[in-house]
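Geometric and topological summary
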Amino acid sequence: MTVIFEKCVFSIQSFFYFSFFSQIYLLFLLPGTLCIIPEASQESILQPFKSYSDVAMFHYNVPKEVFRATWQFAAFTDQPNCPQRKVHIHLRWGSYPVLPIDNMTTFPTNMYPLNNDTLVISTDTYFEPESIAVIPVYGPQAGDWFVAAYLSPWDKKVQQQGLFHKCHYSIGSIALWVEASAIENVPVGYQTTLKTKETSSYYKIYVPSGISTLRVYIWGCNFTVHSLRNVHKPCIKNVALQGRVLPIFNNTPPSNIGNLTMLDSYMFTIFSPYEDSYYYLLIISDSIVEFNIKVSVSECPIKLMGKQNVEQYSLITEQFTQISETNIKQNQTTVSNHNRSSFYNLMDLRTNQFYIQTENSNTEDKCFPRYQLVRVKHSQIFSTSYLLQGKEWLTPWLALTDSYPVITQFNILPFVDIGGTLDINIHLEMYKTMTKQLIVVTVCIQKGHASNILENKIICEDEKLFMNLSSLNKHDESILIPYPQPDTWYISLQATCYLNNHPVNCEMEEILVSLNVHIRQCVFPGKNSCGRNGICQEIHRDLLVYTACNCHEGYKGWGCTDIITTNSGNSVITRILMLTLSNGFFIPAIYLAVKREFYTEGLIYLSTMLSSALYHACDQLTTNYCITKFEVLQYCDFFSSILAFWVTLVAMAELPIHLVSLCNMFGALLIAFEVQSDRTSLNSISIPLIIGIIIPVGTYIYRSYRTKNWKRPNRLSKLLIGSLLAGVGFLLFSMIETEANYQYIHSIWHMIIAISLLFLLPPARTQPLNNSNISSSSEDTELLDYKDYLDSPVFTVINGQDNLLIASR
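None of these values were measured; they are calculated from a predicted model.

1. A few points about the overall build of the protein chain
Assigned secondary structure in the protein chain consists of 13 helices and 36 strands. Counting every position in the protein chain, which comprises 809 residues, the buried fraction comes to 50%. Long-range contacts, defined as pairs at least 24 residues apart, comprise 77% of the intrachain contacts of the protein chain with a sequence gap of at least 6. Accessible surface computed for the protein chain: about 39,000 Å², of which carbon and sulfur atoms make up 56%.

This is the structure in structure tokens:
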């Protein structure tokens, strides 16, 4: 990890300086720019994609009024002989990228991923920096940007950590942006004369909340140099107006304005503009010019949903009727009656002109009812509801009429909400017996600004965010938006009645609609938010938190709804059975140990068999067969497996009983420490194994040296067979085992290791000799008289009267 980090940092610094000098020319070529500001470089480890938890995630914050942002990426491997891998990079504003990993991945039928603004690029990993992936964004939105990166999956080898080199892949990123210099602010409601400073000049206009229409009127452009004045010569070559981002010449959608002369004028009219935001005006000219500008807005206040608030809204409407046209006065006089007993009667306005008009506003500036939904936060992460608020109550119910559309709005907060799924469900409360008319409710969902409403009809920009409810056959409609971007979201609703396929006035005084808006984890409502075929993961990346489905074997897709194989259930059961039942090969070793009175060893073999079976049953994503925490089962499996080798090696040394218990206790303490320190490292296996092998080998060498007889041990063939089986199992585990064949190779590993114990376990201990001539007074003879049994698998040492008699067995 240290090598990767140092290499990544060095490489990032290298291409940072390269990028800085290669883009420094922008300071001279781009008018109105101030400087290039870099974001601190970020590094992360790359993983092949299996689930969203494998994705490396970066977060950047782009400041306001940035002309261009450039992200650069370099992917590395830590060794030159590591295979080259393909890296996929996704960049998105506001929220985490929604990753369709391949063309076969699908989303639930009612899910609409807003991924149109996601930028995707690929690169390759290198040991030395040979290629840099660059993503330039002109006129980027200010705020949070997120980068997701991952490797194309491959069949990885399952290697013991520290035994062989395991290739690691990393990615480094850096972002640079060119900020515009101080941009002059244009006041609202006043005529102003402005003077350009460059051939491309920027100006900004602040639009507060509660604005329904924005108009920008430009006229009277004039050259500042008297000799160039010509009424027919174009003084402004092009004009562009864009909300929240800087318009870029040749990169912004054309406005079809063309050239403006001193006698020409032009007006931008934007219905339902971005609120509480800046609009940026770009003036293109060949020389420095002056021009007149006036900005006007039409207000449309936000209201609460309640009887008292409807009465207030009616009062405002009554006041504005005094300065409106005569026909509008006549149509809205019915609103002034405040003694109506029913809230729905207050909302029953038989007019298509329910709007507020200012004195100087255009007759097209209709102000439709607009309500702010209240945010109700629940205890669980990504669990939020939005409701309509009255003075003393909260409700999802909304009353519609056919007189005018109704607009509701709610806020998606950055970081707090973006890691879940936005669920919008609309229910039309209607029965066929209530009216003979066909009632149709159209719904449009938009982010950033409300839908345009022309001639009392909702104009929806995105057809996929458009709903159509009908009293005839479709009372419910819902849409899911994964990882919604933080902003103000708008839901516009319009009710229309038909009779014989012709629009008519509605017979019903009110049309009830239930507006259910939620932020939830993963995909589906309820406890099983990934259905029956997946598990909802809560993923943490430093301060970033998001949820995603981890699909069971045989399934994929954003909601784990895609079936990869029809027999996935059988394959999962087969996998579990192979990994668990293969531990049954320890039963002969347990039986043999008990028969030979090696009760401690038999107990350890039994513990190994049970721990391994329970661990592998719990290790499967598709099952919940965990009798306790996964970490506990994993620890028991590693500890028991290594301890089984240890007690077998100690038994092979055939030490005196008091030394056997001492060695076993020492081994248990050593293995417990190593496994707890790092159970997947090579040291947790190698250190106990090396010390364990030293015990029987050292004992044999010591005895042979003391007796001056170097003879070949008995049972050498069995020892060789047992060692060979253990070696073959070790080679299968370390060289051949991959993620694809794991269930087969690891099951064979269980069987081979269990069978090897049958050959390594020594014969049963026999009764001690009743020979008074055996000397045990000397400490040096303790290991020599290691058995004091009539039968020995290696050799027996008998201390005669005159010499030592070596009786080989």
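2. Quick word on the packing of helix H7 (residues 586-595) against helix H8 (residues 599-618)
Axes are the key here: two packed helices are described by the angle between their axes and the distance separating the axes. One can describe the packing of H7 onto H8 by two numbers: an axis separation of 8 Å at closest approach and a directional angle of 165°. Taken together, H7 and H8 sit at an angle that is classed as roughly antiparallel. Where H7 crosses over H8, the two elements pack in a sense that is left-handed. Two secondary-structure elements touch here, H7 through Phe586, Ile587, Ala589, Ile590, Ala593 and Val594 and H8 through Tyr599, Glu601, Gly602, Tyr605, Leu606, Thr608 and Met609. Per-class residue counts for the contact of H7 with H8 are ten nonpolar, two polar and one charged.

3. Section: the UniProt feature "transmembrane region" (unreviewed entry) in the protein chain
If you check UniProt for "transmembrane region" (unreviewed entry), the listed places come out as residues 15-34, 572-594, 643-673, 685-705, 717-736 and 742-761 in our numbering. Here residues 685-705 runs as 100% helix and 0% strand, with 30 Å between its end C-alpha atoms.

4. Topic: the side chain of Thr196
Examined against the element boundaries, Thr196 turns out to sit in the loop between strand E10 (191-195) and strand E11 (200-207). There is a polar contact of 2.9 Å between the side chain of Thr196 and the backbone nitrogen of Val289. Apart from the residues within four sequence positions on either side, Thr196 is in contact with Ser201, Tyr203, Ile283, Ser285, Ser287, Ile288, Val289 and Phe291.

5. A look at helix H9 (residues 630-653)
Here H9 spans 35 Å end to end across 24 residues, near enough to the 34 Å set by a 1.5 Å rise per residue. At the C-terminal side of H9, Glu654 shows a positive phi close to 55°.

6. Remarks on the state of the cysteines
Within this structure, the stated rule accounts for nine disulfides. One disulfide in the model links Cys221 with Cys235; its S-S distance is 1.7 Å. Remark: Cys235 occurs in the loop between strand E12 (211-223) and strand E13 (238-243) and Cys221 occurs in strand E12; sequence separation between them is 14 residues. Per residue, the accessibility class of Cys221 equals that of Cys235, and both read buried.

7. Topic: the nonpolar core
The biggest cluster of nonpolar side chains holds 48 residues, and the ones touching the most others in it are Phe410, Ile424, Val441 and Ile511. Here this core takes six residues from strand E28 (residues 487-499), the largest share from any one element. Each residue touching Phe410, except ones within four places of it in the same chain, is listed here: Gln372, Leu373, Tyr386, Leu422, Ile424, Asp487, Thr488, Trp489, Ile491 and Val517.

8. Regarding the sheet that holds E10
Across the sheet, which stays open at both edges, the four strands sit in the order E10-E16-E12-E14 with antiparallel pairing between neighbours. Strand pairing shows two members of the sheet lacking a second neighbour, E10 and strand E14 (265-271), which therefore form its edges. Mean inter-strand twist for the sheet, computed between neighbouring axes without regard to direction, equals 20°. Pairing between E10 and strand E16 (residues 289-299): five bridges, direction antiparallel. Across the sheet, residue Leu194 finds its bridge partner in E16, namely Phe291.

9. Some thoughts on unusual backbone geometry
Phi angles above zero are rare outside glycine, and Ser272 is one such case at about 55°. In this fold, Ser272 is placed in the loop between E14 and strand E15 (277-284). Residue classification places Ser272 among the buried positions, given a relative accessible area of 15%. Backbone geometry at Asn456 places phi at a positive 65°, although glycine is not the residue there. Summarising the element assignment, Asn456 is placed in the loop between strand E24 (452-454) and strand E25 (457-459). Residue classification places Asn456 among the buried residues on the basis of a relative accessible area of 10%.

10. Some words on the pattern of salt bridges
In the structure shown here, the tally under the stated rule is nine salt bridges. Between Lys86 and Asp124 there is a salt bridge, and its shortest N-O distance comes to 3.2 Å. Taken as a pair, Lys86 in strand E4 (residues 86-93) and Asp124 in strand E5 (residues 119-126) lie far apart in primary sequence, 38 residues in all. Accessibility expressed as a relative area gives 36% for Lys86, which makes it partly exposed. Across the salt bridge formed by Glu275 and Arg370, the nearest N and O atoms sit 2.7 Å from each other. Of this pair, Glu275 sits in the loop between E14 and E15 while Arg370 sits in strand E17 (residues 370-377); the two residues are 95 residues apart in sequence, bridging distant segments of the chain. Neither Glu275 nor Arg370 differs from the other in exposure class; each is buried.

11. Notes on the confidence of the model for the protein chain
On average, residues of the protein chain score 79 in pLDDT, and 77% of them reach the 70 mark or higher. Confidence, read as mean pLDDT per element, is least for helix H5 (residues 343-347) in the protein chain (30) and greatest for strand E22 (residues 421-428) (95). Every residue in residues 1-33 scores below 50 in pLDDT, and together they form 58 contacts with partners more than four places removed in sequence or on other chains. pLDDT under 50 marks residues 767-781. Its contacts with residues more than four places away, or in other chains, come to 20 contacts.

12. Comments concerning the packing of H9 against helix H10 (residues 657-677)
Interhelical geometry of H9 versus H10 gives an angle of 150° and a closest axis separation of 9 Å. By the angle between their directions, the pair H9 and H10 is classed as roughly antiparallel. In terms of crossing hand, the pair formed by H9 and H10 is right-handed. Taking contact as the criterion, the partners of Tyr635, Phe638, Phe639, Ile642, Leu643, Trp646, Val647 and Val650 in H9 are, on H10, Val660, Cys663, Asn664, Phe666, Gly667, Ala668, Ile671, Ala672, Val675 and Gln676. In terms of residue class, the contact of H9 with H10 is built from 15 nonpolar, three polar and no charged.

13. Quick look at the sheet that holds E15
Two orientations exist for strands paired in a sheet by backbone hydrogen bonds: parallel and antiparallel. The mixed open sheet is built from four strands, whose spatial order is E9-E11-E15-E13. Each edge of the open sheet is held by one strand with a lone partner, namely strand E9 (184-185) and E13. For E9 and E11, the ladder comprises two bridges, and the chain directions are parallel. By the bridge assignment, Asn185 is partnered in E11 with Lys204.

14. Let's talk about a nonpolar patch on the surface
Together, Ile685, Leu689, Ile693, Val697, Ile701, Tyr705 and Trp710 make up an exposed nonpolar region whose accessible area comes to about 650 Å². Structurally, Ile685 is set in helix H11 (residues 683-707). With relative accessibility at 30%, the residue Ile685 sits in the partly exposed group.

Analysis parameters
- Residues numbered from 1 in each chain as written.
- Predicted model: local features only at pLDDT ≥ 70, side-chain atom pairs only at ≥ 80, totals over all residues.
- Heavy atoms only, no water.
- Helix = DSSP H or I, 4+ residues; strand = E, 2+ residues; numbered from the N terminus.
- Buried < 20%, exposed > 50% of the residue type's maximum accessible area, 1.4 Å probe, protein only.
- Contact = heavy atoms within 4.5 Å.
- Areas by Shrake-Rupley, 256 points an atom, 1.4 Å probe, with all protein chains shown as cover.
- Axes fitted to C-alpha atoms, helices over the stretch in contact; angles between N-to-C directions.
- Parallel < 35°, antiparallel > 145°, perpendicular 65-115°, else oblique.
- Left-handed = near helix turned anticlockwise from the far one by under 90°.
- Nonpolar A, V, L, I, M, F, W, Y, C, P; charged D, E, K, R; others polar.
- UniProt positions renumbered as here; feature names shortened; annotations may be inferred.
- Polar contact = N/O pair within 3.5 Å; in protein donor to acceptor, adjacent residues only side chain to side chain.
- Expected span 1.5 Å × (residues − 1).
- Disulfide = S-S within 2.5 Å.
- Core = buried A, V, L, I, M, F, W, Y, C linked by side-chain atoms within 4.5 Å.
- Pairing = 2+ DSSP bridges.
- Salt bridge = Lys/Arg side-chain N within 4 Å of Asp/Glu carboxyl O.
- pLDDT = per-residue confidence, 0-100.
- Patch = residues over 30% accessible without salt bridge, like charges linked within 9 Å, V, L, I, M, F, W, Y side chains within 5 Å.

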